[in-house]
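Coordinate inspection notes
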Amino acid sequence: MFVAVFGLGAFQKSGLQELKKLNYKIIGFDENKKPVNKNLVDNFFCIPFKNKNKILNICKKYNVISLFAFSTDAPLNIIGYINKKLKLSGYKERDVILIKNKNNFRKFLKEKLKINTPKFLFLKKLKIESIKKNMLFPIVCKPDVGSGSRGVFFCKNINLLNDLFKKNKEFYKKKNIMIEQFIPGTEYAVDGWIYKKNFIFCCLSKKKRTKPPYLLDENLVINYQNNLIKLKIKKLMKRIIFFSKIDNVPIHLEFIYKSNKVFLIDIAIRGAGFGVYSNILSIIMNQSTDLILINLLQNKKIIFNAPNKKSFYLSFFKSSINGNFKKIINLNFLKKSNSFFELNLYKKINTKVSPLENGADRIGHYLLMNSPKKLSKDIKFLAQTVKADVQ
């Protein structure tokens, strides 16, 4: 039996391997001619995901029974479209349209749920006077459709807006502009699943963001313990499920927590990226989260384990200047740490790098795992010691 997988990058490897264990023949689609996991599929096609009819005909030819995307939402539009055309289980086109389009989603939150969200404004073109009239600064500007934080920036006053927008203009081509009120506070993420109209909680993550204008994740404490926030998110998800009718999908929520209130920033129907979903959440759940996703999208019965309390710390390497990446400073301290779990470099030595403006600018990451107390001690030391050397 054939299944189709969209996206064959480094963080999709474990999902592909899980499908192999189940003896599926895999049709792989990627917009890159030489994706790193091309060798794990039986038939490979390099086709833009916007080419819906060509991809649909290939799926028909091979009698594909299921479509998957592991920890990426870039292909969800085409997956939802084909599922509807071929009447397959999995991602529904209606759900994808609701969640992926920020305008649709914000209207849903405001009109249906009436929950706390930042004040927002949607524009087809940048209109300074309209923003000045309707919004209070500081603001966050972002494309209404996108991923990897591309084109997302913070702006503290109206005088800086034009220059920042021009710098990021390439990310707004054929897209609307979303202007969002900036809410100071601690940002968190929650990962889990919607299964048979119920929310299955996996873990809470506490984030530290980079300084403005680009608000990107600098590091995260994954499986952070806070029962009050956990309870509030469970109540929120119950309402989202009831009003949206979304079912049998992974869920990744991002929100600001301030004054005991949750301000929902974003929601995605995919697993967290950078190996968090496949590797870390599998450890927290004591079961393969890739297999959970496969069974979820095929509408099969799933028995979820209770999440444990193992703590993780994910920290990204970045550059503050334009230059060449030379090495990781004090790498020996990192590898000797009792909490050391993983090192992953996205850039090769002597590769040109630039200051962090979106997810693609990251140099790599390291991951620690330990008990909360021991992990906290190692974080304090390694965060000050281990860095990327750029010259």
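Whatever comes next refers back to the structure up there.
All of the points below concern the structure found in this document.

The rules behind the values
Residues numbered from 1 in each chain as written. Predicted model: local features only at pLDDT ≥ 70, side-chain atom pairs only at ≥ 80, totals over all residues. Heavy atoms only, no water. Helix = DSSP H or I, 4+ residues; strand = E, 2+ residues; numbered from the N terminus. Core = buried A, V, L, I, M, F, W, Y, C linked by side-chain atoms within 4.5 Å. Buried < 20%, exposed > 50% of the residue type's maximum accessible area, 1.4 Å probe, protein only. Contact = heavy atoms within 4.5 Å. Pairing = 2+ DSSP bridges. Axes fitted to C-alpha atoms, helices over the stretch in contact; angles between N-to-C directions. Arc of directions from axis to C-beta. Polar contact = N/O pair within 3.5 Å; in protein donor to acceptor, adjacent residues only side chain to side chain. Parallel < 35°, antiparallel > 145°, perpendicular 65-115°, else oblique. Nonpolar A, V, L, I, M, F, W, Y, C, P; charged D, E, K, R; others polar.

Attention now moves to unusual backbone geometry. In this chain, F137 is followed by P138 through a cis amide linkage whose omega measures 5°. If you trace the backbone, P138 turns up in the loop between α6 (128-134) and β6 (139-143). Following P212, the chain continues to P213 via a peptide bond in cis, the omega torsion being 10°. Take P213: it is sitting in the loop between β10 (198-209) and β11 (217-222). Despite not being glycine, N248 shows a phi value in the positive range, around 55°. Along the chain, the position of N248 falls in the loop between α8 (227-244) and β12 (249-258). Even without a glycine there, the phi angle at F274 is positive, about 55°. Along the polypeptide, F274 turns up in the loop between β13 (261-268) and α9 (276-285).

This next bit is on the nonpolar core. Soluble globular proteins tend to bury their nonpolar side chains together. Counting 85 residues, the largest nonpolar core has F6, F29, I233 and F255 as the members making the most contacts within it. Excluding its chain neighbours within four sequence positions, the residues that come into contact with F6 are F29, F49, I55, L67, F68, A69, T72, P75, I78, I79 and I82. If you look at the next biggest cluster of nonpolar residues, it comprises 19 residues, including L121, I131, C141 and L164.

Let us now look at the sheet that holds strand β3 (residues 43-46). If you trace the four strands from one edge of the open sheet to the other, you get β3-β2-β1-β4, paired in parallel fashion. The open sheet has two edge strands with one neighbour each: β3 and β4 (66-68). Ignoring which end each strand starts from, the neighbouring axes of this sheet average 20° apart. Sheet topology note: the strand β2 (residues 25-30)/β3 ladder contains four bridges and is parallel. Of the residues in β3, the one forming a bridge with G28 is F44. Contacting β1 (2-6) and β4, helix α3 (residues 76-86) crosses the sheet at an angle of about 170° to β4.

Here we come to helix α7 (residues 158-167). Considered for burial, the residues of α7 that qualify are L161, L164 and F165. Axial view of α7: buried residues confined to an arc of 100°, hence all on one face. Residues of α7 that are exposed and point over 90 degrees away from its buried face: N159, D163, K166 and K167. Residues of α7 that are buried in the fold lie against α6, β6, β7 (153-155) and β8 (177-181). Backbone nitrogen of N159 and a side-chain oxygen of the N-cap are separated by 3.0 Å at the start of α7; the cap is N157.

This brings us to the pairing of strand β18 (residues 364-370). Of all seven residues that make up β18, six are buried, and the element is covered over most of its length. Strand direction decides the pairing type here: strand β14 (residues 311-317) and β18, joined by seven bridges, are antiparallel. Each bridged residue has a counterpart across the sheet, and for Y313 the counterpart in β18 is L368.

Running from N to C, helix α5 (residues 102-113) and α8 point in directions that differ by 95°, and their axes come no closer than 11 Å. For the element pair α5 / α8, the angle class is roughly perpendicular. Here F108, K112 and L113 of α5 come into contact with α8, specifically with R239, I240, F243 and S244. Classifying every residue of the contact of α5 with α8 by side-chain character gives four nonpolar, one polar and two charged.

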